[in-house]
Each structure stands twice: as structure tokens, then as C-alpha cells.
Amino acid sequence: MLKQQLIAQTAPLANEKNFVFWMDYRVTVLTDRLFRIEKSPERKFRDQATQAIWFRNTPAQQFTLNGDQGHAIIETPVCRLVLYKDRAQCYVEVGDIRRSLNNYGNLLGTYRTLDNCNGDQHSRPWIEGDEPYQIQLGKGVCSKTGVAILEDSDSLTLGADGQVKNEKANGTDEYVFVYGNDYRGAVRALYMLTGRAALLPRFALGNWWSRYHVYTADEYLRVLNQFEDKNIPISVATVDMDWHYSNNVDTEVGISASGKAGAEYVGKPAVNVGWTGYTWNKNLFPDPQGFLDELHARGMKVTLNLHPSDGFRFWEDAYKNMASAMGMDPNTNLQVPFDFSYDRFINAYFDLAHTPHEEMGVDFWWIDWQQPDIEWHDPRPYWQKEVDPIKDKYDPLWALNHYHFYDNATKHVVPMILSRYAGVGSHRYPVGFSGDTEISWKTLAYLPYFTATASNIGYTWWSHDIGGHNFGEKSNELFLRHVQYGVFSPITRLHCTCDDTMTKEPWIYDGAGYVAEEFLRFRHKLVPYLYNANYLNCVDGTALVEPLYYEWKDYVAYNYKEEYRFGSELLVAPVTQKAYPDGYSRVRAWLPQGKWTDIFTGDVYETGEGGKELTLLRGLKSIPVLAKAGAILPLSADQKNEVRNPEKLEVWAYEGTGVYSLYEDGLDDINTAVLFTEFKSEYTEINGTGTQSLIVFAHGDASVIPQNRTLKVCFKSVEDGRVRLFIDGQEMQAIKRLSDCVEVILPFDAAKTYRIEVSYPALTRLQYLQNRAKKVLTEAQGVNANKEYSFRVLAQVNTEEEFAQTIEALPLDMATKLRLKEVL
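Position numbers for residues count from 1 along each chain, tracking the sequence in the order it is written. Residues qualify for local features only when their pLDDT is at least 70, as the model is predicted, and side-chain atom pairs are given and counted only at 80 or more; totals for whole chains, interfaces and linings, by contrast, use all residues. Based on all heavy atoms of the structure, the side-chain values leave hydrogens and waters out of the count.

A.B. asks: Where do I start with the overall build of the chain in this structure?
C.D. replies: Runs of H or I in DSSP of at least four residues are treated as helices and runs of E of at least two as strands, each being numbered from the N terminus. If you tally the helices and strands in the chain, you get 15 helices and 40 strands. The atom set for the radius of gyration is the C-alpha atoms, and the globule formula is 2.2 Å times the number of residues raised to the power 0.38. Computed over C-alpha atoms, the radius of gyration of the chain comes to 29 Å, within 12% of the 28 Å expected from 2.2 N^0.38 for 824 residues, which places it in the range of a compact globule. With the principal axes as the frame, the chain shows a C-alpha extent of 90 × 75 × 60 Å. Pairs of residues are marked as contacts when any of their non-hydrogen atoms sit within 4.5 Å. Look at the contacts in the chain between residues 6 or more apart in sequence, and 71% of them connect residues 24 or more apart. Accessible surface area values rest on a Shrake-Rupley calculation with a 1.4 Å probe, where residue burial reflects the displayed protein chains alone. Counting only carbon and sulfur atoms, one obtains 49% of the accessible surface of the chain, whose full area is about 32800 Å². Note on charges: Lys and Arg go in the positive column, Asp and Glu in the negative column, and His and the chain ends are not counted at all. Note on charges: their place is set at NZ of Lys, CZ of Arg, CG of Asp or CD of Glu. Each charge class in the chain can be summarised by its mean position, and for the 84 positive and 108 negative side chains these summaries are 3 Å apart.

Set out below in C-alpha cells:
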């Protein structure tokens, strides 16, 4: 029995009232728009859980069954499923619309790994004559046709004890999602079947440092000191494979292979250690405990890299105990093979090789499994003759993810791992490691689409090698754009390959590196917003990163694949192409109907029905990140590596009306209490005076936040104005501060209700355009006299139409003209 299975609870048996038997079909009506269709000529149907599907125990559904020997009609209040003996003839009807069950129009899901990918092309440039090929994303549960099919026939069965069995479907096993363009509804239905997305620990949402490099302990700490000196917070310290012995036994372990190695090593002058290892390399880390203690003292969590495929060799500290646990004679020095299909090996693997490191301070593991599926054959390792072999393909990556995650759960309130995607249901085991991508603009351009599309299969926490992993070329601009995207991606993990002349330390990248540093600091500020999105993903199924078509049903939303929603308040259109010679990058974007404010430039865009397609110009210092009208953006102003609930809570409020609920918990301190802080913003305009108000109150357990919390509200759309503060209905003196906007700072008491009002002259659209023109022209390159003349001309126009017409004749370069026209 595997102890990890005690945590992974399933409920796979469906309510018998939801079954329909017809010919060689069994249909389970799971909801009014979700069906399971099993087809078995032997009428052998599967009631156990599978690797993907864990829950089918929905309540009894309302439906009718009609038809004859030729066909059957199952009708729910929403749709009709029509069955024929020939599966290819089956279809779904919603009203008068008929859809075949062929997955046409599927919006796709995700892929196991982007190893060796240049954009969407799998490429191995080190192999002469190797032809690149396009990766094919798997299917998701969202479709343009409104009907998506999830195939589960090849998923192996889980027994009642949770262990994988040598069994798959006897025939076909499919799930039909009839959710139209309610894509969030389809993903929530998937989570109902598979189990919901796991909550990430808060520290995972900060900045990660990682580099494939043979570090010594002192060298690693030196790099962290440089991050500290530059005030760049790091919440996760990653040590790649060279934490353990990885070269050869003679030179690293300090013993002769002669007479020590088992039979598989006879005749070799030295034993290559390779990728797999579990023993600290004392030449590099003479005091592992002290090293881990130092990282924790700095407020960081620690992960170590694993390549477990080679099992256990004789030089490992854990070898003798592992060999004995497997019934082997440890004196033979024979390799203990890796086998994650056998519970005795799995239990020993964790208890003997991993728990000791975790007791020292390793917080979670980076499982770097790069091998394909393994097809097990007899003869099995000799100690396993009592175990029936799994003849079908059993993916060790799935098993590693599954058991590692639940083993971590035995030691942490909020568990996590870092590993590659292993099929449907992998969202239960975050975080996803996308593999070793090529350093290129093509890769950067592909990642936003790849990440957002993964939400269609519920996989919402991809972690990419920010900056790219290998090959390509060093480009300061590309590195910066990659970091800027990474800050607005699920996980910000800097990483690269082991080349001596390659690193992702931002100060190596000249002026672009300074901007990258600013963005990494901003990522740390974003943690309250990110953790709130993390909570919503877990309880509501709403992802941090979603394609545009989840929220907006305009046909054009499907065309902008690199643009995405980032939480409930923001829209991101990352820069993924090189700048023009004029210094500006062009980003083609679509803005849905409404008012949008760029949080970095302050540019305000107003679009009508159907939204607007436009080209955004950005210099190196920003990318388009747009806040909706009435947006509330909670941030942390604390400056430390730890990412706990902030002492200094900073809130950016944008003009408009909106609501936002901030979730905070005490799970960092094993405290299950929670606190919700509610924000309600409202904008009114009377007789030319605009008033932006913000109401703030909390409910829940305030023990989870610092007692001395301060609240700083930044009214980002207001340069100056009259401020009024009400606490529990009583007007109090407000502390107003002017920076790039009006700021109000006050001590925060979770038991009180706050109302803050800022009144200011409401600008007409023309006045806004003229004010913005001053800023654009001040920042623009060019002849100063021409810039000043242009501003004076624009300041004199009387209408928006005249403003737009005047720009073309001004003595300015094309880029500056485009910037002036961008918000029209």
C-alpha cells in the first residue's frame, strides 16, 4: 500500500440512475451537457477511476430516452445525444444545430514538453540532417463548434487502492462536452471529473533563480548576494543537477571503480555518474545543511533537480538501504533499477532517498524526466517476479508527478512539484515545466499562445525557462522582452543551459538588464494579485491566464493568439518581435469594448461595440498591460524575499466602477483561517467634476495579516484632486501624497470600513489627448524645436477630429505620429 494514496481520494462510481444501456453502448449522463460514452462489443464497462478521470458521482440527472433499434435519443433540458450503432454517425443537437462527434473546431489543449523547440517547431540543430517538425497540441474541452470530445480509452485504470492496474478501456471511453462558447463552464466540468486545480503555495508566485551550472555553495550565494544588492527579490532558489555527483566516480566520489562496481560496470576504467543522483557533491557543497539553512534564512524556498531514470548506483548514500529494501544483496553493488510501477520501490524511493533531504530543508523537487513512455516487458527485475507486469504503456512521468505531489502533501499544507505535463489531469500536480526551449523570437512569440491555450485542458500553471534555455544568440532586447512576458506569465523562473558564457543574471544585459530588474521587482509586488487568482483557479476554475475568447465572444477574439487575460483585471499583449530602427516595437492587439488604461504608460483607450484592432508602439521600458475600467490591482510594497501577506498593502485603483475581493490565508503558518478584503470602486460625474470613490472592508479572520498593516491607495487615473476619508462613516483627516497620481496612505484595521473619495475636474476626451500629446512629445526622440511647435499646434485645436487630422502635417518622425494617433 502506498502512503501517498491515502491523500488522493476518488469517487469514480456513477449514479446508476444516470446510466443508459443501448446495444453495445453505456452512456452516463453526468450533467445536462456532459456525457460519457462507452462502447464495448463485449459490454464490459469501466467503473474504476483512471489516470485522468477520478469523479463521476454526479447527482441523478433529468433526461429522457427514446428511439428504436436503429438509433437512440437521450434528451436533457439542454441538448440531445443521438446514438447509432456506427459510432461515426452519432451526433449532438442543441436546438436546431447538429454537431457530429468528431472534435472539429477543437481549440486544443497543451503538449508534454517544448524541449528542443524553436517556437512551435521541434528542432535538434546538433543533429545534422534532422528535419524540424511542428508540435501538435493535444485536444481540449473547448470547441468553436460548442462540442468537444475528451478521449480516455487509453488511460490506465486505478484500483481501489489507488495503484495503477494493467487495464484500459474494453473498447472506447469518451466524454462529450456540450458547453457551446461557455468555455469556463467546460473547464469546470473537466475539473468536476478530474479533480480541481491544486492551490499553489504563495512562494511559487515570486521570482525563481535557476541556472544549469556547476555551482559551488559559495558561488551560488555570491549570485544571490548580487540580487540582494540590487534589491531584486528571489523567493525560490533552484539548484540544478550538479548538486549531486554527476561526472564520474573516480574524480568526484573519490573511490576507484575497480572492484567496487557491479557486473554492469565491469571493464570500465571509471564509472560515469550521469544525470541521476541522490548524494550531495561534497566537493561543491561541503556543508549541505549549512547551505540550505542559509537559503532559508534569506526567506527563500529550495528545490533540487532530479533525473531518476538510472535508479540507484553503488556510490549513493542511500544505495545499501535501497538494495536491502528491494531484497538485493548490497555487497554486489548491482544497480537498483528505477521502477515506478512497483509499490515497494516507490515507498523506498521516497523514504530512503528523498525524505532525508527534505528533513534537511529541501522544500520540493524538480522532476526533470526527459524519457518517453516505457513499455515494460518480462523479464522484470528479478526481485519483482511476484508482480504482474504492466504490458500497456505506463508513463513513468505520470507516476512521478502523481506520487511526488502526494508525497509532498504528507509534509506540506500546500504541496507542489515542478515537472513536465503528463496528460489530462496533470493540473492536479503543479507546477508544469515546459522544458528546454531555444533562445529565439519565435519561441517567445509562441509561449503566450501555448500558455493560454493550455487552459482549455485545465492546465494553468506552466513554468517556462524565462529568457530561453539554449542555442540562439545573446540579445539584450530579446532577454528583456522575455522577462517582461515572464513577469506576466504564471511562473517567473529565470533559467538557461550550462554554457560557461550564458546566464540569465539581468545585470549582464546592459541597459536592457536595468529594465528587466525593474520588472522582476514588479513581479514581487504582484504576488497578492497572483495569489488571489491562484485561489480563484482552485475554487472556481478561473485561470490566471485565459485566451481572449473566454470572456469576449467577438469572432476577432480568436485571432489574437498572443494576447490574453491576466487575472480578472488585466489584459496583456506582450512584445514578441524586435523593435524597428526607430526604437519602438509594434504590437498588433485587439481591445474589447470599454475603457482600458495601460498600467505602465498611462495611455487610455476607449473602444465601442465590437472592440477595436490597433497597433501599439512600445519602447524597451514597457509592454502593453491594460487595466479595465474600475480595475483594482492589489500589490505588495514589502521589500524582502519572502512573499507573505504584505505589511504594506498597495492598491492601484483605475477610473470606473468595479468590485474586487482579495483572498488571504495563513497557510504559510499552517493556519487555515482566511480573510477577504472587499474593494468597491465607483465613478460619478456631475457638472464637470468627476469623483472616484473606493470602499474597503474586510471579513474573516484578521489573524492572517500583519497587525501593523498600512494601506496605500493609488488613484492611477487622477493627477490631483480633493481627497475625503471616511472611517466607519465618520470623516477623518486624510494623508494625501502626490506622485504620478493621487495617493492616500492610512493604517488598516480589518474591523473597520473605509471610504475614500477623490474629486477632480473631469477631462473631455480632447483635453486628455492634448495632455497625453505633451507626454508623448516630451519622451520622443527628435528636434526639440519641432516637438515644441507640434505641441503648441495640437494644444490649439478644438475637436478630436481636428486633432487627428493635424498630426499628419506635423514635422515629426513616423513613430511619434503613430504614438500620437494610437489612442484615437
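What follows picks up the thread again.
A.B. asks: Is there a simple way to think about the sheet that holds strand 39 (residues 742–747) in this case?
C.D. replies: Strand-to-strand pairing in sheets goes through backbone hydrogen bonds, with the strands running parallel or antiparallel. Pairing is mixed across the open sheet formed by five strands, whose spatial order is 30-31-35-39-38. Each edge of the open sheet carries a strand with a single partner, namely strand 30 (632–636) and strand 38 (736–738). Across the sheet, the mean angle separating the axes of adjacent strands is 25° when strand polarity is ignored. When DSSP finds at least two bridges between two strands, those strands are taken to pair. Bridge analysis of strand 35 (residues 710–715) against strand 39 gives six bridges, and the strand direction is antiparallel. When the bridges of strand 39 are listed, C714 appears paired with E743. For helices, the axis comes from a line fit to the C-alpha atoms of the stretch in contact; other axes are also lines fit to C-alpha atoms, and the angle between any two N-to-C directions lies between 0 and 180 degrees. Running over the sheet, helix 10 (residues 510–525) touches strand 30 and strand 31 (648–653) and is turned about 105° from strand 30.

A.B. asks: Is there a simple way to think about the environment of Y104 in this case?
C.D. replies: Relative to the helices and strands, Y104 is located in the loop between strand 8 (97–100) and strand 9 (117–118). Relative accessible area serves as the criterion here: at 63%, Y104 is assigned to the exposed category. Separated by 39 residues in the primary sequence, Y104 and S143 place their C-alpha atoms 7.6 Å from one another. Setting aside anything within four residues of it in sequence, one finds Y104 in contact with S143 and T145. Three labels apply to residues, based on accessible area from a 1.4 Å probe with only protein chains included: buried if under 20% of the type maximum, exposed if over 50%, partly exposed otherwise in between.

A.B. asks: Honestly, the packing of helix 2 (residues 217–229) against helix 4 (residues 288–297) in this entry has me stumped. Any pointers?
C.D. replies: Any two packed helices are characterised by the angle at which their axes cross and by the distance between the axes. Relative orientation of the contacting elements helix 2 and helix 4 amounts to 10°, with a least axis distance of 11 Å. Taken together, the axes of helix 2 and helix 4 are roughly parallel relative to one another. Only F291, E294 and L295 of helix 4 make contact with helix 2, whose side of the interface consists of A217, Y220, L221 and L224. The residue inventory of the contact of helix 2 with helix 4, partitioned by class, reads six nonpolar, no polar and one charged. When describing relative orientation, an angle under 35 degrees is termed roughly parallel and one over 145 degrees roughly antiparallel, while 65 to 115 degrees is termed roughly perpendicular and anything else oblique. For this classification, the nonpolar set comprises Ala, Val, Leu, Ile, Met, Phe, Trp, Tyr, Cys and Pro, the charged set comprises Asp, Glu, Lys and Arg, and every other residue, Gly included, is treated as polar.

A.B. asks: Looking at this structure, I do not really get the confidence of the model for the chain. What am I missing?
C.D. replies: When pLDDT is low, close inspection of the predicted coordinates is not appropriate. Scored between 0 and 100, pLDDT is the confidence that the predictor attaches to each residue. When pLDDT is averaged along the chain, the result is 93, and 94% of the positions lie at 70 or above. Confidence over residues 375–380 falls short of pLDDT 50; this stretch has 15 contacts with residues more than four positions distant or in other chains.

A.B. asks: Explanation requested: the packing of aromatic side chains in the structure shown.
C.D. replies: The geometry of two aromatic rings is summed up by the distance between their centres and the angle between their planes. Classification of ring pairs rests on two measures: the distance between centres of Phe, Tyr or Trp rings, Trp counted by its six-membered ring, which must be within 6.5 Å, and the angle between planes, read as stacked under 30 degrees, edge-to-face over 60 and tilted in between. A complete count under the given rule lists 65 aromatic pairs for this structure. Ring geometry for Y278 against F312: centres 4.4 Å apart, planes inclined by 20°, an arrangement best described as stacked. Placement of Y278 in the loop between helix 3 (249–253) and helix 4 and of F312 in the loop between strand 16 (301–306) and helix 5 (319–325) is noted, with a sequence separation of 34 residues between them. Taken as a pair, Y278 and F312 share a single burial class, namely buried. With 5.0 Å between their ring centres and 85° between their planes, Y349 and F350 make a pair best called edge-to-face. The exposure classification of Y349 matches that of F350, with both residues buried. Counting every residue linked through ring pairs, the aromatic cluster contains Y485, F488, F519, F522, Y529, Y564, F566, F600, W652 and Y660. By definition, being over a ring means that NZ of Lys or CZ of Arg is both within 6 Å of the ring centre and within 35 degrees of the ring normal. Its end group placed over the ring of Y91, R98 keeps NZ or CZ at 4.0 Å from the ring centre. A cation sits over an aromatic face here: K561 above Y449, 5.5 Å from the ring centre.

A.B. asks: Looking at this structure, I do not really get the nonpolar core. What am I missing?
C.D. replies: Nonpolar side chains in soluble globular proteins tend to end up buried together. Ranked by size, the top nonpolar core spans 234 residues in total, and within it F177 and F488 carry the most contacts. Beyond its immediate sequence surroundings of up to four residues, F488 is in contact with F519, F522, R523, L526, Y564, F566, L570, V572, I599, F600, I623 and V625. Nonpolar cores were defined as sets of buried Ala, Val, Leu, Ile, Met, Phe, Trp, Tyr and Cys residues, with membership established by side-chain atoms within 4.5 Å. Counting residues in each nonpolar core, the second largest holds 19 residues, with V29, I74, L81 and V147 among its members.

A.B. asks: For this particular structure, what's the right way to read helix 8 (residues 441–453)?
C.D. replies: It helps to recall that an α-helix has 3.6 residues per turn; residues three or four apart then point in one direction. Multiplying 1.5 Å by the residue count of a helix minus one yields the expected span of that helix. Helix length check: helix 8 (13 residues) gives 19 Å between terminal C-alpha atoms against 18 Å at 1.5 Å per residue, within 8%. The largest bend along helix 8 measures about 30° and falls at L447, with the proline P448 one to four residues further on. Among the 13 residues in helix 8, 12 count as buried, and that is most of the element. By the burial criterion, the buried members of helix 8 are W441, T443, L444, A445, Y446, L447, P448, Y449, F450, T451, A452 and T453. Residues of helix 8 that are buried make contact with strand 9, strand 20 (462–466), helix 9 (476–487), strand 22 (545–547) and strand 23 (564–566). Two axes are fitted around each residue, one to the seven residues ending there and one to the seven starting there, and the angle between them is reported as the bend at that residue.

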